[in-house]
Amino acid sequence: MGTNTAVDRVFNFSAGPAVLPVPVLEEAQRDLLCLPGCGASILEISHRSKQFIAILEDAEQRLRDLLAIPPNYRVLFLQGGSRLQFSMNLMRGSGKAAEFVLTGSWSNYAIQEAKREGQTRVLWDGRETNYDRLPNLDELPYGDSAYVHLTSNETIQGVQFANDPNLSESVFVADMSSDFMHRPVDVSRYGMIYACAQKNAGPAGVTVVIVRDDLLERSDDSLPGYMNYQAHNEANSLYNTPPTFGIYFVGLVAKWLQEDVGGLANMHRRNRDKAQLLYDVLDESPDFYQGHARASDRSLMNVTFRLPSDELTKSFVHEAASHQLESLEGHRSVGGIRASIYNAMPIEGVEALRDLMVDFRNRHAN
Ligand SMILES: *Cc1c(COP(=O)(O)O)cnc(C)c1O
């Protein structure tokens, strides 16, 4: 079971789709031909079969337990990725603007879509310093808005809010695509949380939406059917054929977080330990490795930094690949290196990257 796979697998630092837990891949592989008690594979059974309904309910329950989701929140499993949630329907008919905290590439994509839907207001924009820092969420000039949108982790720039917003007057909507379930969050601080699975929770194709009951009433009749959250809620995520394999897989990842990792507080500790290994190297050698994010706003998920030259960056990526450390090129808009070290990245992978960083610096620094 899995020994060959484990030997052949590289340490995959891809930003997404990204590394998944080996025990979860092994379980999915083991059960792919025949799901226990099912007589067929997860890919072959009806989304209305009692077997699939049990899988759906199990996945939801595990998310509820892990994140302590209060009973007045619904959990939806949708398609269309996080991009489709950018067109969210919480504004239509409200007569109010949506407010945005612009912290990097993804929040900027989100506001572009919201502009098609209604009025938007920018509360804060980090453009001036190339999105290397975050504002204090308690100090923004909030107004009377349909919702306030924020991106909990900017996957491209590598900046991340360490805490949940603390204000009850505004409805916060958080894009948690790239740090979903990386730490315990206080769901009650948000009106809605959404996350595509392929960064931290499963395969591409399924997006989790956690939305407070009362906000579902904002689903306007003029919306396209698929964009109507109330329609999905009334159909228990079976409005149309849902991404069955993705839902199954997210359930397995949640089970791994519960049973192998021991919950999100443990996961958070692991994530902090992993990220610290890399940030320590940046702090030890600021003349050689220049971190993109300001120290106080650094992401535990995506570690972004530059080397002194493009040549050295290329040579670093090349050497890393020869050590089975893959997909470290930074996003084209930031350059340099981006090491995505999501939940499923083992500490051994981060240690190997740290060792290479130290060794590479010792050979190339003046
Ligand atoms: C990847 C990502 C998205 C886009 O997700 P899709 O599933 O490709 O639509 C949105 N927001 C953040 C923060 C991301 O990391």
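Structure shown above.
Residues numbered from 1 in each chain as written. Predicted model: local features only at pLDDT ≥ 70, side-chain atom pairs only at ≥ 80, totals over all residues. Heavy atoms only, no water.

A. Fine view of the packing of aromatic side chains. The full count for this structure, using the stated rule, is 14 aromatic pairs. Centroid distance Tyr 289 to Phe 316: 6.4 Å. Interplanar angle 75 degrees. Geometry classified as edge-to-face. Residue Tyr 289 is located in the loop between helix H9 (264-284) and strand E11 (290-291), and its partner Phe 316 is located in helix H10 (residues 310-322); the two are separated by 27 residues in the primary sequence. Across this residue pair, the class does not change: Tyr 289 and Phe 316 are buried. In this structure an aromatic cluster arises from ring pairing among Phe 288, Tyr 289, Phe 305, Phe 316 and Phe 360. The lysine or arginine in question, Arg 83, covers the ring of Tyr 109, its NZ or CZ lying 4.4 Å from the ring centre. (Phe/Tyr/Trp six-rings, centres within 6.5 Å; stacked < 30°, edge-to-face > 60°. Helix = DSSP H or I, 4+ residues; strand = E, 2+ residues; numbered from the N terminus. Buried < 20%, exposed > 50% of the residue type's maximum accessible area, 1.4 Å probe, protein only. Lys NZ or Arg CZ within 6 Å of the ring centre and 35° of its normal.)

B. Examining unusual backbone geometry more closely. Geometrically, the link from Gly 16 to Pro 17 is a cis peptide bond, its omega value of -10 degrees lying close to zero. Note on placement: Pro 17 falls in the loop between strand E1 (11-12) and helix H2 (22-30). Despite not being glycine, Ala 68 shows a phi value in the positive range, around 50 degrees. Tracing the chain through its elements places Ala 68 in the loop between helix H3 (50-67) and strand E2 (73-78). A positive phi is found at Asn 236, a non-glycine position, where the angle reads about 50 degrees. Mapped onto the elements of the fold, Asn 236 is located in the loop between helix H7 (229-234) and helix H8 (244-261).

C. Region of interest: the site of the ligand. Around the ligand, 14 residues are found, and the nearest of them are Arg 83, Thr 155, Asp 175, Gln 198 and Lys 199. Within the side chain of Asp 175, one N or O atom sits 2.6 Å away from a nitrogen atom of the ligand. One nitrogen or oxygen atom from the side chain of Lys 199 is found 2.5 Å from an oxygen atom belonging to the ligand. Starting from 390 Å² of accessible surface for the ligand in isolation, the protein chains cover 88%. At three residues, helix H4 (residues 81-85) tops the list of elements feeding residues into the shell around the ligand. (Near = heavy atom within 4 Å. Polar contact = N/O pair within 3.5 Å; in protein donor to acceptor, adjacent residues only side chain to side chain. Areas by Shrake-Rupley, 256 points an atom, 1.4 Å probe, with all protein chains shown as cover.)

D. The pattern of salt bridges, seen in detail. Within the structure shown, the criterion is met by 20 salt bridges. When the shortest N-O distance is used, the salt bridge between Arg 298 and Asp 283 registers 2.8 Å. Of this pair, Arg 298 sits in the loop between E11 and strand E12 (302-306) while Asp 283 sits in helix H9, and the two are 15 residues apart along the sequence. Under the relative-accessibility criterion, Arg 298 is labelled buried at 18%. The residue Arg 363 makes a salt bridge to Asp 359 at a minimum N-O spacing of 2.9 Å. With Arg 363 and Asp 359 both in helix H11 (residues 347-364) and four residues apart, this pair spans about one turn of that helix. (Salt bridge = Lys/Arg side-chain N within 4 Å of Asp/Glu carboxyl O.)

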